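In case you want the letters, here they are:
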Amino acid sequence: MHFNLWGTPEEAKPLSESMLKLLKPTLGLSPKPATHLNLEDITLTPSKLSESDLAELATIVNPAQISTDDTQRAPRARGKSYPDLIEWRSGTPITAPDAVIAPGSEEEILQLLRWCTENHVAVVPFGGGTSVVGGITPLAGDHRAVLSIDLALFDDIYDVDETSMVAEVGAGLTGPHAELLLEEWGVQIGHYPQSFPYATIGGYAATRSSGQSSAGYGRFDEMVCGLTVVTPTGVIRLGDRSPASAAGPDWRELFLGSEGIFGIITRVKLRVHPIPEAKYYEAFSFRTFAAGAKALRLVEQTGTGPTVIRLSDEIETALNLSSTSNIGAESPSGCLCLTMFEGTKEHAAARHKETRELILKNGGRSLGENPVRIWEQGRFAAPVFRDALLDAGALCETLETATYWGNVEKLKTAVGQALVDALADADTMAIIMCHISHVYPEGCSLYFTVVAGQTTNPREQWAQAKKAASQAIIDAGGTITHHHGVGTDHASYMGKETNPLTTTMFSAIKTALDPAGILNPGKLQP
């Protein structure tokens, strides 16, 4: 990816004239010309590492795998949140890692972490750089410098057990690269978050990622059978003996969602499945979001087995349909539900039939397969429009949460109202959209997209809106994050997710594995 865009410059897509005509009067947009998009226009903080530091590091890894060049430091200085992208445009100096290192083995990482411990240098693990919660921001904490440890060389398929349907893959593999390599064995992971083109296997594990096919294959952490993790105190391999055990706590859970603060994940052993023979698609419309949510709950609790099932609220439905010309002559009102089924022809067809009957019985109206196919084709291209929205003078960001089914309406209303009120205080109109994209028998996620006119201080504008929404999530009984992770953005709310005793346990584990606190300071911990 380009350091200050979601994707590459070639992927950039301007807003259509019809979309601009809709948004300008609605949000009062004032176009803001894109600035500081070239590296030569950016000021990065200079490296604080000395020549002797670099010479010592060169005894651990090949000097060619060490860089203090801005072309390497800039892409690892920030993630891809709205505040990150706005900061690149601000003209202010950007804090960057003091060096980027790409080790090629667990032993090299171990030696690097020990050197950093002895020399008071912090470490930020780096995969695809797609964090939207400040997860890769190079914070030094009490340390004198920061290294970005890039996992790019951990890019192999180490083993595929075709009998057990388990594969051990490198943490530095991107989603597409991993799927391409696994195709040789006729298997796939089937994990497709919106960051899929760029995010890595290690990042999926470290943040408990959830993809569009979570209804069928589960969250990424549910796919993990084993891990290799390098900590400053040693290398840990987990899950080698069996997929499940009663021999004490499951230590894999300690590192899943740990965001690099306990150790650096280098390999992941995963459940895989055969590449599907067939896919079936069908979209439905519900009169209300509540009716659609009820149908999704019944589908999941009955276990009819869609691979993908998601529900957009009325506003998101209207905007999605208005931008799609070939859904059909009739643009349905209400809430759009998308379903997809994959597997063998017989199994996928049977699950499609059972799900379809249940949805129709509970108020759904079939729209055919075309809306789902259109959504699938444009799924991974959608984030690049955020850069165009910023150029048009818009605020554009997302946030997500999850709760039990019985609390969905309360939580959705509370968060939506908090966003509307906070943005109204900034004298801006706003469009607040919401969808359910991940479901469980007990509950679901709620994913909000916010578009508003920018004020003269867009970072503070969003900070206040995010603060209001986060407090509403806590007050209404939701979790502060379902799959984006904690990073810096949600760290202050972690005390609400835990309690003093679990916080003490957390700190004890951190001390045992990383006594000098060099691993990703300022992230995750309450």
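This one's a predicted model, so the numbers in the text were calculated from it and none came from an experiment.

About the thresholds
- Residues numbered from 1 in each chain as written.
- Predicted model: local features only at pLDDT ≥ 70, side-chain atom pairs only at ≥ 80, totals over all residues.
- Heavy atoms only, no water.
- Helix = DSSP H or I, 4+ residues; strand = E, 2+ residues; numbered from the N terminus.
- Rg over C-alpha atoms; globule rule 2.2 N^0.38 Å.
- Buried < 20%, exposed > 50% of the residue type's maximum accessible area, 1.4 Å probe, protein only.
- Contact = heavy atoms within 4.5 Å.
- Areas by Shrake-Rupley, 256 points an atom, 1.4 Å probe, with all protein chains shown as cover.
- Lys, Arg positive; Asp, Glu negative; His and termini not counted.
- Charge placed at Lys NZ, Arg CZ, Asp CG, Glu CD.
- Arc of directions from axis to C-beta.
- Domains from an automatic or database assignment.
- Buried area = accessible area lost by both parts, 1.4 Å probe.
- Salt bridge = Lys/Arg side-chain N within 4 Å of Asp/Glu carboxyl O.
- Nonpolar A, V, L, I, M, F, W, Y, C, P; charged D, E, K, R; others polar.
- Polar contact = N/O pair within 3.5 Å; in protein donor to acceptor, adjacent residues only side chain to side chain.
- UniProt positions renumbered as here; feature names shortened; annotations may be inferred.
- Pairing = 2+ DSSP bridges.
- Axes fitted to C-alpha atoms, helices over the stretch in contact; angles between N-to-C directions.
- Parallel < 35°, antiparallel > 145°, perpendicular 65-115°, else oblique.
- Left-handed = near helix turned anticlockwise from the far one by under 90°.
- Phe/Tyr/Trp six-rings, centres within 6.5 Å; stacked < 30°, edge-to-face > 60°.

**Quick notes on the overall build of the chain**
- Counting secondary structure elements, the chain contains 19 helices and 18 strands.
- Against the 2.2 N^0.38 benchmark of 24 Å for 526 residues, the chain shows a C-alpha radius of gyration of 23 Å, consistent with a compact globule.
- Each principal axis of the C-alpha distribution contributes one length, and for the chain these read about 70 × 60 × 45 Å.
- Counting every position in the chain, which comprises 526 residues, the buried fraction comes to 55%.
- Here the analysis covers contacts within the chain between residues at least 6 apart in sequence; of these, 77% occur between residues at least 24 apart.
- With the model as given, the accessible surface of the chain reaches about 21,900 Å², and the carbon-plus-sulfur share is 53%.
- Across the chain, the mean location of the 42 positive side-chain charges is 6 Å away from that of the 61 negative side-chain charges.

**Some thoughts on helix α14 (residues 370–378)**
- Taken together, the buried positions of α14 are occupied by Pro371, Val372 and Trp375. Taken end-on, α14 shows its buried residues confined to a sector of 100°, consistent with a single buried face.
- Packing partners of the buried residues in α14 comprise β12 (278–286), β13 (308–312), β14 (335–343) and β15 (365–368).

**With respect to the environment of Ile265**
- Inspection of the secondary structure puts Ile265 in strand β10 (residues 264–271).
- When its relative accessible area of 8% is taken as the criterion, Ile265 is described as buried.
- Along the sequence, Ile265 and Pro125 sit 140 residues apart, while their C-alpha atoms lie 8.7 Å from each other.
- For Ile265, the contacting residues outside a window of four places in its chain are Leu151, Ala171, Gly202, Ala205, Ala206, Leu227, Thr228, Val229 and Phe255.

**Focus on the domain arrangement of the chain**
- Splitting the chain by domain gives domain 1 (157–274), domain 2 (278–378) and domain 3 (385–484).
- Taking only C-alpha atoms into account, the centre of domain 2 sits 23 Å from that of domain 3.
- Counting residues at the interface gives 14 residues for domain 2, matched by 15 residues for domain 3.
- Of all residues in domain 2, Phe289, Glu300 and Glu316 give up the largest surface area on contact with domain 3, accounting jointly for 34% of the area buried on that side.
- Summed over the shared surface of domain 2 and domain 3, the number is one salt bridge.
- Between Asp313 and Lys412 there is a salt bridge whose closest N-O contact spans 3.5 Å.
- Breaking the side of domain 2 that touches domain 3 down by element, the ones donating at least two residues are α11 (289–302), β13 and α12 (314–322).
- For the side of domain 2 that touches domain 3, the element with the most residues is α11, which contributes six residues.
- For the side of domain 2 that touches domain 3, the class distribution of residues is seven nonpolar, two polar and five charged.

**So, helix α1 (residues 17–27)**
- Among all positions of α1, only Leu20, Leu23 and Leu27 are buried. All buried residues of α1 fall inside an arc of 80° around its axis, so they share one side. Along α1, the residues that are exposed and aim more than 90 degrees away from the buried face are Glu17, Ser18, Lys21 and Pro25.
- Where the residues of α1 are buried, they touch α15 (385–391), β17 (430–436) and β18 (443–453).
- Measuring from the backbone nitrogen of Met19 back to the side-chain oxygen at the start of α1 gives 3.1 Å, which picks out Ser16 as the cap.

**Looking at the side chain of Glu259**
- Within the secondary structure, Glu259 is located in the loop between α10 (252–255) and β10.
- As a buried residue without a salt bridge, Glu259 has its nearest oppositely charged side chain in Lys523, at a separation of 7.6 Å.
- A polar contact is formed between the side chain of Glu259 and the backbone nitrogen of Gly487, at a distance of 2.7 Å.

**Section: the UniProt feature "active site" (unreviewed entry) in the chain**
- In this numbering, the UniProt entry assigns the feature "active site" (unreviewed entry) to Tyr447.
- Along the chain, Tyr447 falls in strand β18.
- Look at Tyr447 and you get buried, because its relative accessible area is 13%.
- The residues contacting Tyr447, other than those within four sequence positions of it, are Thr398, Leu399, Glu400, Met433, Cys434, His435, His483 and His484.
- For Tyr447, the side chain forms a polar contact with the side chain of Thr398, separated by 3.1 Å.

**Side note on the sheet that holds β18**
- Reading across from one edge, β15-β12-β14-β13-β17-β18-β16 is the order of the seven strands in this open sheet, with antiparallel pairing throughout. This sheet does not close on itself; its edge strands, each paired only once, are β15 and β16 (394–404). Pairwise comparison of adjacent strand axes, ignoring direction, gives a mean angle of 25° for this sheet.
- Where β12 and β15 come together, three bridges link them in antiparallel fashion. Directly across from Phe284, in β15, lies its bridge partner Ser366.
- Along the sheet face, helix α17 (residues 458–475) touches β16 and β18 and points at about 10° away from the line of β16.

**What to know about the packing of helix α16 (residues 408–425) against α17**
- In contact at an axis separation of 8 Å, α16 and α17 are set at 155° when each is read in the N-to-C sense. Our classification of the angle between α16 and α17 gives roughly antiparallel. Our pair here, α16 against α17, has a crossing hand that is right-handed. Counted together, Leu411, Ala414, Val415, Ala418, Leu419, Ala422 and Leu423 of α16 and Gln461, Trp462, Gln464, Ala465, Ala468, Ala469, Ala472 and Ile473 of α17 form the full contact between these two elements.
- Residues belonging to the contact of α16 with α17 are distributed by class as follows: 13 nonpolar, two polar and no charged.

**A look at the packing of aromatic side chains**
- On inspection of all chains with the given rule, the structure shows six aromatic pairs.
- Their ring planes at 75° and their centres at 4.8 Å tell us that Phe3 and Trp88 sit as a pair that is edge-to-face. Within this pair, whereas Phe3 is found in the segment before α1, its partner Trp88 is found in helix α4 (residues 82–89), the two being separated by 85 residues in sequence.
- The exposure class assigned to Trp88 is buried, which follows from its relative accessible area of 1%.
- Taking 5.3 Å as the distance between ring centres and 35° as the angle between the ring planes, the aromatic pair formed by Phe196 and Phe380 counts as tilted. Taken together, the residues Phe196 in the loop between β7 (187–188) and α7 (201–207) and Phe380 in the loop between α14 and α15 connect sequence positions 184 residues apart.
- Look at Phe196 and you get buried, because its relative accessible area is 11%.
- Overall, Phe380 belongs to the partly exposed group, its relative accessible area being 25%.

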